[in-house]
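Residues per chain are reported as follows:
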Amino acid sequence: MPAGLTRRSALALGLLLPALSAARVPRAQGAAGAPPARPFLRVEAGAHIAPVARLATDAAGRLLASVSDDKTLRLWSLPEGTPRGVLRPPIGPEAEGELYAVALSPDGSRAFAGGFTAHAWDGAFAIYVFDIQGGRLTARLGGLPAPVVHLAVSPDGGRFAAAMGGRAGVKAWDARTGRLVFEDTAYEAPVRMVAFEAGGRLAASAADGRVRIYDAQGRKTAERAPTQGARPFGIAWSPDGTLLAVGFEDRLRVEVLAASDLRGVLAPDVAGLRGEGLPAVAWASDGRGGVQLYAAGYARSGGEAAGAAAAQGGTRGAVRVAGTRAAAQGGAGQQFVVRRWADFGLGPPTDIPAARDAIAQLLALPQGGLAFAAADPGWGRIAPDGTLALAPRPPVGDFRNTGATLAASQDALRVRFRLRPDAPPLVFDAGWGRLEPDAADGAGFIPARTQSPRLPLADWRNSNRPRLGQTPLRLGLGEFARSAAISAGDEVILIGTDNHLRLFDAAGRLLDAAPTSGAVWGLTIVGTVAVTMQGDGTVRWYDLVGGQIAERAALFVHADGRRWVLWTPEGLFDHAPQGGQELVGVHLNNGRAQTPEWASFAQAYRALYAPAAVRARIAGDAAPARERIAQLGDVRARIGRAPVLRGGAACAVLPDGACVPLAWDATMLPAEATALRLSFVAQDRGLGLGPLDVMVNDRIAVRAAPGAGQTEVEVPLDPGPNRIVTRLYADDRTLFAEGPTLELRRPGDPEPPAGAGRLVMVAVGVDRYADERLNLRFAVADARGVAETLRTAGRGLFRDVSVTLLTDREATREGVLAALAQAAQGVRPEDTFVLYLAGHGVLTDTDRRFLFLPSNVGDVSNWEALRRASLDEDTLVSALARIRARDGFLFIDTCYAGQVAVDSLAAVGNETGRFLLAASTSVQEALDSYDDRNGVFAYAVREGLRGRAAVDSDGRVSALALGEWVTRRVPQLAAEKQHRQNAVFRTAQRDLRSFPLALVRR
């Protein structure tokens, strides 16, 4: 069986159970009438991580919806393709919650979604209805006998129809009341698609080879098999409703039929195409009054045919277009084409390279052109003139084509893999939390062992009948093996399938099975640990002890190759210096018709960020993770009681003081707008209300204290695009809820030029304290030395360099806050701001909050007095929120006397959106220094700014390059002084936009 096929493909092709009826699908064991209450850890990469099944748009063509096996419904702005939001259904293990169909109401206010939904607890399937503005699940239509594989809403918004898997046929409902309007269950095979035309007629295609037309009352007016022996899949009405285009899933053929009686009118030219089918068709305007016909699927223009089946069925009978193994072979270019015929299909064809993998659907857009769903995964857009306007942008690695490259070190702490076939190999070191290119060409890594004289493993690759000698290795119904490994001592065999890991003993007996997050495309065994590469883009570690499979940890590396997140089954995590805390989160179901809770790791940063516990867990020591979870208590209950933030009024502030109203889904600003005036309503659900933060382009811009009723804030805007994100914290700050977001541009407003502004620095160093027992030796020298280095290195890079240096008696709490306030008055969005704090830091014993000790601290006998005199992190974050610089870097060089864990400081970077570089310096290390002038941390920073860090072709040292240099260099320098010291570099920015800090003169 071709590797691009999965269990769903087999069902679609009829290889297992032809015309499988959902009524014969067994109800999930343990179903109790409600979605599972346990937390689900899910990858959230900002886009789909599994093939996109279907698309839908509103009547205005401003909103696009997409659904996928990844169990999310995603909203996008058109034509830009910027993300608008994520809607989540209740989910369960394995297939439960996979979405195969979506439709939008014409006004864009509601979304309808279906797939393998609700069966685990209802024993039947359901369609979910979402309120898009509120982001809430508002209704469900249950009791359906099969998965929903396609949905359509009538142009007037009055009805919606569903194509059902199995033999359940077609159903149509009143979109306002949910009342069944009509149904046709006289189908002998799954329905593929349904489509309304402007007058209310409905067309349906089915795997029984027939196309059917129903009038507005549900009466069947025409039925025909367009091509004998072929399976029609995609259907599309011509704009005037007189023609129906049909694409076939099992052959390269498109037919244009007369809508009145389904007689054949035209078969457009498909010469020059290679592949197995054209299951996607659409008519689309060219923007100049003409109409073009489009088709796609598995087609490629010339060359090797796509090696995949014609259709992919959702688990247990849902049917969609499959991805192909051949898709990624040959690099990152678009190999799969959309064929375009001019003049309603009568004109000459043009092929548009569009995707790296199979195309599941073509969707005509009201403004002309079309959108397409691809298995890359992702979606793209073709402009009205037939050019590719937007290509799919997969956020995940292509493990299906790189799984064989997986290898692990003997202790399983280091893994080697490729994100894409054309990408260099990477090595992730879980012990140190580092992701780097492999410089050793695989030396020291152990790949999968698939051959053994004692254990003759055979027929396992892309097969549903693997065997050990003549003994079958039993898989589940519809499962195909994708990877395998034999332990070094021949004790066990591990098979990775489409949806499970299966562990067999040396006699071929099944010992254990564990569900996986996707197909297991690669695995290896080292000792008693298995490492796998799975279809959701994760690398996962498993213990194989006592004949059981138990997960240790999981790693997700973004397709950019920089951001990553590593987490344990308990939900504790670590992340890359460049970010990654937003890439995974916790999904919590509520009721069957209630909106699930969602909290990304970034939202629960203070509670779940625990790198030391994560590294211990992956090394086989679960005790630190258990201890941390015990301290946190019931995390699920806390997430379920997080506060809620809802948007009220919004308007754009103009220079004359007027405020132009804005909708929360607006994308354009008045050209002269300088700020936003936003109002919110905060709801306390049991954890109390903490601060309300407004982030502008990933940095904090406003911190406010919400109260009863509405809270109004004024948010200054940057030049160029503005991404507005809102957060509401619980009272203890361990968790925040995400509120409304805005993606705004001014007409014709270009991106601001990089490095066009000033460098503004506030440097603080304290050696002399009111309590002399706290005195240090090199904090002042460190602050002064880094400030001087930045002043010199910034010349020629910034328009001006302004440094405020506060030392000893100047560095009081009031003095530091006054300096930050002065910076806030003068800093503009085009500027770069740097804060350097050198001195004592402590971590409070009750709530583990960071305190920087200014020079006037004299009473350290109790926490209350220390808090009053110190600069606490909330005050620091609030002060930084008023500094409007687009780019910012925080250096925190504090010694901790055994109390401050430097990892806790990462939360400050997460909350401010600034780059953060922090040192773990003990008092002894601070007193010793490195070169009798500076401490280790400051020495490494100055080295990096002077050119030891990576420089670009213009001689510039970026914030990312500096952070990476210092984190590598500090342990080396400390070891020379017989100390143990580390530095932590973190950023909370999502787009990895770095900025220059220094110019190295050659």
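It should be noted that the structure appears before, not after, this text.
Just so you know, these numbers come straight off a predicted model, no measurement behind them.

Scanning the chain for helices and strands turns up 14 helices and 69 strands. Its C-alpha atoms give the chain a radius of gyration of 30 Å, within 12% of the compact-globule value 30 Å for 1002 residues. Its C-alpha atoms give the chain principal-axis dimensions of about 95 × 80 × 55 Å. Classification of the 1002 residues of the chain by burial places 63% in the buried group. Of the contacts formed within the chain by residues at least 6 apart in sequence, a portion of 58% connects residues at least 24 apart. Counting only carbon and sulfur atoms, one obtains 48% of the accessible surface of the chain, whose full area is about 35,100 Å².

Inspection of the entire model under this criterion finds one disulfide. Bridging C651 to C659, the disulfide has an S-S length of 1.9 Å. Its torsion about the S-S bond being 80°, the disulfide of C651 and C659 is classed as right-handed. Judged by relative accessible area, which is 24%, C659 ranks as partly exposed.

Packing of helix α8 (residues 813–826) against helix α10 (residues 873–881) brings their axes to within 9 Å, and their N-to-C directions diverge by 25°. Judged by the inter-axis angle, α8 sits roughly parallel to α10. In contact with R813, L817 and L820 of α8, α10 contributes T875, L876 and A879. Partitioning the contact of α8 with α10 into residue classes produces four nonpolar, one polar and one charged.

Moving on to the packing of aromatic side chains. Under the criterion given, the structure shown has 21 aromatic pairs. Relative to W564, the ring of F428 lies with its centre 4.9 Å away and its plane at 75°, an arrangement referred to as edge-to-face. Pair noted here: F428 is in strand β34 (residues 426–429) and W564 is in strand β48 (residues 564–567), with a separation of 136 residues, a long-range link. Using a relative accessible area of 0% as the deciding quantity, one classes F428 as buried. Ring geometry for F915 and F995: centres 5.2 Å apart, planes at 80°, overall edge-to-face. Taken together, the residues span a long stretch of sequence, with F915 in strand β66 (residues 915–921) and F995 in the loop between β68 (983–986) and β69 (996–999) at a distance of 80 residues. Given the relative accessible area of 1%, F915 is considered buried.

Inspection of every chain in the model, using the stated rule, returns 60 salt bridges. One salt bridge connects E249 with R231, and the closest N-O pair in it is separated by 3.4 Å. Of the two residues, E249 sits in the loop between β19 (243–248) and β20 (254–258) while R231 sits in the loop between β17 (220–224) and β18 (232–237), which places them 18 residues apart along the sequence. According to the relative accessible area criterion, E249 is buried, its value standing at 0%. Between R263 and D261 there is a salt bridge; the shortest N-O distance is 3.1 Å.

The strand order across the open sheet built from five strands is β35-β34-β33-β32-β36, with neighbouring strands paired in antiparallel fashion. The two strands at the open ends of the sheet, each matched to only one other strand, are β35 (434–437) and β36 (446–447). Direction of pairing for β34 relative to β35: antiparallel, over a ladder of four bridges. Following the sheet pairing, D429 is matched in β35 by R434.

Our focus in this paragraph is the pairing of strand β42 (residues 500–505). Among the six residues in β42, six count as buried, and that is most of the element. Of the two faces of β42, the one lined by H500, R502 and F504 and the one lined by L501, L503 and D505 are each fully buried. Of the pairings in the sheet, the one linking strand β41 (residues 492–497) to β42 comprises five bridges and is antiparallel in character. From the neighbouring strand, I495 faces β42, where its bridge partner is R502. Connecting β41 to the next strand, β42, in antiparallel fashion are two residues. Here β42 pairs with strand β43 (residues 510–515) via five bridges, running antiparallel.

So, on to the sheet that holds strand β39 (residues 471–472). Sheet strands line up and pair through hydrogen bonds in the backbone, either parallel or antiparallel. Here we have three strands laid out as an open sheet, ordered β37-β38-β39, and antiparallel in their pairing. Strands with a single pairing partner mark the edges of an open sheet, and in this sheet they are β37 (457–458) and β39. Here two bridges tie β37 to strand β38 (residues 467–468), and the two strands are oriented antiparallel to one another. What sits directly across from A458, in β38, is R467.

As a further point, take unusual backbone geometry. In this model, L78 is joined to P79 through a cis peptide bond whose omega is 10°. Mapped onto the secondary structure, P79 falls in the loop between β4 (73–77) and β5 (83–87). Note that the residue after D376, namely P377, is joined by a cis bond; omega there is 10°. For P377, the location among the structural elements is in the loop between β29 (370–374) and β30 (378–382). Here the phi dihedral of A118 falls at roughly 80°; this positive angle occurs in a residue that is not glycine. One can find A118 in the loop between β7 (110–116) and α2 (119–122). A positive phi is found at N462, a non-glycine position, where the angle reads about 55°. As for its placement among the helices and strands, N462 is situated in the loop between β37 and β38.

Along its 14 residues, α8 runs 21 Å from first to last C-alpha, staying within 8% of the 20 Å computed at 1.5 Å per residue. Of all the residues in α8, the buried ones are R813, V816, A819, L820, A823 and A824. Looking down the long axis of α8, one finds its buried residues gathered within 140° of arc, a one-sided arrangement. Of the residues in α8, the exposed ones pointing more than 90 degrees away from the buried face are E814, Q822 and Q825.

A few words on the environment of L75. Inspection of the secondary structure assignment puts L75 in strand β4. L75 gets classed as buried once you look at its relative accessible area, which sits at 5%. Apart from residues no more than four positions distant in its own chain, L75 is found in contact with L63, L64, A65, T82, P83, R84, G85, L87 and I132.

Where helix α7 (residues 779–793) meets helix α13 (residues 936–948), the closest approach of the two axes is 10 Å, and the angle between their N-to-C directions is 5°. Judged by the angle between their axes, α7 and α13 are roughly parallel. Taken together, the residues of α13 that come into contact with α7 (itself represented by D782, G785, V786, T789, L790 and A793) are A938, V941, R942, L945 and R946. For the contact of α7 with α13, the residue count by class is six nonpolar, two polar and three charged.

Our next topic: the side chain of N722. Along the chain, N722 turns up in strand β58 (residues 722–730). Those residues in contact with N722, other than ones at most four positions away along the chain, are V696, N697, L717, L742, E743, L744 and R746.

Tracing the backbone through its elements, the reader meets D215 in the loop between β16 (211–214) and β17. As for D215 and F196, which are separated by 19 residues in sequence, their C-alpha atoms are 9.8 Å apart. Contact partners of D215, with chain neighbours within four places excluded, come to R159, G200, R201 and T221.

Moving on to the environment of P377. By relative accessible area, P377 is classed as buried at 5%. Distance from P377 to L871, taken between C-alpha atoms, is 47 Å for residues 494 residues apart in sequence. Sequence-distant contacts of P377, that is, excluding residues within four places in its chain, are made with H48, I49, A50, P51, P392, R393, P394 and V396.

The rules behind the values
Residues numbered from 1 in each chain as written. Predicted model: local features only at pLDDT ≥ 70, side-chain atom pairs only at ≥ 80, totals over all residues. Heavy atoms only, no water. Helix = DSSP H or I, 4+ residues; strand = E, 2+ residues; numbered from the N terminus. Rg over C-alpha atoms; globule rule 2.2 N^0.38 Å. Buried < 20%, exposed > 50% of the residue type's maximum accessible area, 1.4 Å probe, protein only. Contact = heavy atoms within 4.5 Å. Areas by Shrake-Rupley, 256 points an atom, 1.4 Å probe, with all protein chains shown as cover. Disulfide = S-S within 2.5 Å. Axes fitted to C-alpha atoms, helices over the stretch in contact; angles between N-to-C directions. Parallel < 35°, antiparallel > 145°, perpendicular 65-115°, else oblique. Nonpolar A, V, L, I, M, F, W, Y, C, P; charged D, E, K, R; others polar. Phe/Tyr/Trp six-rings, centres within 6.5 Å; stacked < 30°, edge-to-face > 60°. Salt bridge = Lys/Arg side-chain N within 4 Å of Asp/Glu carboxyl O. Pairing = 2+ DSSP bridges. Expected span 1.5 Å × (residues − 1). Arc of directions from axis to C-beta.

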